[in-house]
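Overview (structure and organization)
Chain by chain, the residues:
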2 protein chains.
Amino acid sequence: MDIARVFCETFNIAETDAQKFNSKFVHESLPKNSYFLRTGERCSKFSFIASGLVRVFAETEKKEVTQWIGNAGYFLTDVSSFLFQQPARWNICALSETTLWTLSYDDYIHFEKDLPEWNMLEKRFVAKCFAMMESRIFDFISLSAEERYAQYFKLFPHHFNQVPLQYIASVLGMSPETLSRIRAR
Amino acid sequence: MDIARVFCETFNIAETDAQKFNSKFVHESLPKNSYFLRTGERCSKFSFIASGLVRVFAETEKKEVTQWIGNAGYFLTDVSSFLFQQPARWNICALSETTLWTLSYDDYIHFEKDLPEWNMLEKRFVAKCFAMMESRIFDFISLSAEERYAQYFKLFPHHFNQVPLQYIASVLGMSPETLSRIRAR
DNA sequence: CCTTCCGCTTGACAAAAATCAAGAAAATTT
DNA sequence: AAATTTTCTTGATTTTTGTCAAGCGGAAGG
């Protein structure tokens, strides 16, 4: 998997420009059930998921809440924790053997200093994350549980044979039983 | 209201740096019920709400969905439409007489070209927007309707005597009747 | 000042979803 | 392969929420 290619497509820049970033992303392996990040830590990685699946979740007094399932082709980090070096809100744990291309925070800081266009690329990246979240909120306030399931199934059909359904239920904001019944139809 | 001061606090920069941005933000008045933006347009403004209230909403086949209520102290734009010059998703309409400080897209482009730190400021701004959305999604999947109401009331108590409750209900993802009943307790 | 419109509340009922509990199915470990 | 754990499904019940309809009250406009 070629990070430069991914950068081209994600940030809409020329392949020659994207090549520059390639070298600082190092290959990393994340065994199943191992943690990429834990709540309270400072996130020091900005990674691209080359293969595998990860679960982003938080613990509350009552229950464990899954915020997102990440699969190959997505970038992975705790945005707020990484950018502002704050304590992380999320746990991030591998659901299966996962491989990453990882930029360390130190190398990231050098990009920020040395590459004038870097901040613009980052801005575009974060703006796209924002747009995803905006759409998700719109789905929560405008769609029924069943419509939200249909939406998710259209976007991530491959999750359904690889991710425990209870986690998907949590992402969709419903109980596992409700998801099971919706699927039965 | 001093835009430079707001920039200092929002982006965590020195007041002298912030002064530079001041001049390009022009004062603008938005009468009650007039539109800042309509779905499908290209958003050409990045504004700061000096006073008043606006409603960000979209039409669906079934109903009108209010995504957000903006009040004094917040920035106002359709992030995706402004940054990527795409057709806007949102309608934005003044709920009351509103005053803004507005940066035009043309001046914004000049900032992007001329000020090396501009993209970093923007990145921070968008990252904060992202963090807000992330929290809101977490609330949707982890809290009950009543807890979500309590949360909203804590954050925006002043909305409740100025914004029609049906709009707040929509922001919270519930029917006006349900909000009314939750409030009755 | 009166009328009209809009927003809010309330009640009755229907629909959707959560909860609790039991058992089946699948995956993992031994 | 058997045992154990985890995950998923299903049923019964309760709780929550949505829908429809009626009525109240205040604001806006004639």
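Reading the values: rules and limits
- Residues numbered from 1 in each chain as written.
- Chains lettered and ligands numbered in written order.
- Predicted model: local features only at pLDDT ≥ 70, side-chain atom pairs only at ≥ 80, totals over all residues.
- Heavy atoms only, no water.
- Contact = heavy atoms within 4.5 Å.
- Buried area = accessible area lost by both parts, 1.4 Å probe.
- Salt bridge = Lys/Arg side-chain N within 4 Å of Asp/Glu carboxyl O.
- Polar contact = N/O pair within 3.5 Å; in protein donor to acceptor, adjacent residues only side chain to side chain.
- Helix = DSSP H or I, 4+ residues; strand = E, 2+ residues; numbered from the N terminus.
- Nonpolar A, V, L, I, M, F, W, Y, C, P; charged D, E, K, R; others polar.
- Least-squares fit on C-alpha atoms with pLDDT ≥ 70 in both.
- Near = heavy atom within 4 Å.

Turning next to the interface of chain A and chain B. Chain A puts 40 residues into the contact, and the matching count from chain B is 40 residues. On the chain A side of the contact with chain B, Lys123(A), Phe130(A) and Ile141(A) bury the most area, a combined 20% of that side's loss. Inspection of the region where chain A meets chain B yields 6 salt bridges. Between Lys62(B) and Glu147(A) there is a salt bridge, with its nearest N and O atoms 2.8 Å apart. The interface formed by chain A and chain B holds 16 residue pairs in polar contact (both at pLDDT 80 or more) in total. Mapped by element, the contributors of at least two residues to the side of chain A that touches chain B are strand E5 (64-71), helix H3 (79-84), helix H4 (105-114), helix H5 (118-142) and helix H7 (165-171) of chain A. If one sorts the elements of the side of chain A that touches chain B by residue count, H5(A) sits on top with 20 residues. Looking at the side of chain A that touches chain B residue by residue, the class counts come to 20 nonpolar, 9 polar and 11 charged.

Here the focus is the relation of the copies chain A and chain B. With an RMSD of 0.0 Å, the operation that places chain A on chain B is a rotation of 180° combined with a shift of 0.0 Å along the axis. Such a combination of turn and shift is consistent with a two-fold rotation axis. Here 100% of the interface residues in chain A have copies in chain B that are interface residues too; the copies meet face to matching face.

Turning next to the protein's contact with DNA strand C. By nearness alone, 14 residues border DNA strand C, and Ala145(A), Thr178(A), Leu165(B), Ser180(B) and Arg181(B) come closest of all. Counted by atom, the contact set of DNA strand C within 4 Å of the protein is 60% sugar and phosphate. For DNA strand C, a phosphate oxygen lies 3.5 Å from a polar atom in the backbone of Ala145(A). Taken together, the elements giving at least two residues each to the surface near DNA strand C come down to helix H8 (176-184) of chain A together with helix H7 (165-171) and helix H8 (176-184) of chain B. Tallying contributions element by element places H8(B) first for the surface near DNA strand C, with 4 residues. Taken together, the residues of the surface near DNA strand C sort by class into 5 nonpolar, 4 polar and 5 charged.

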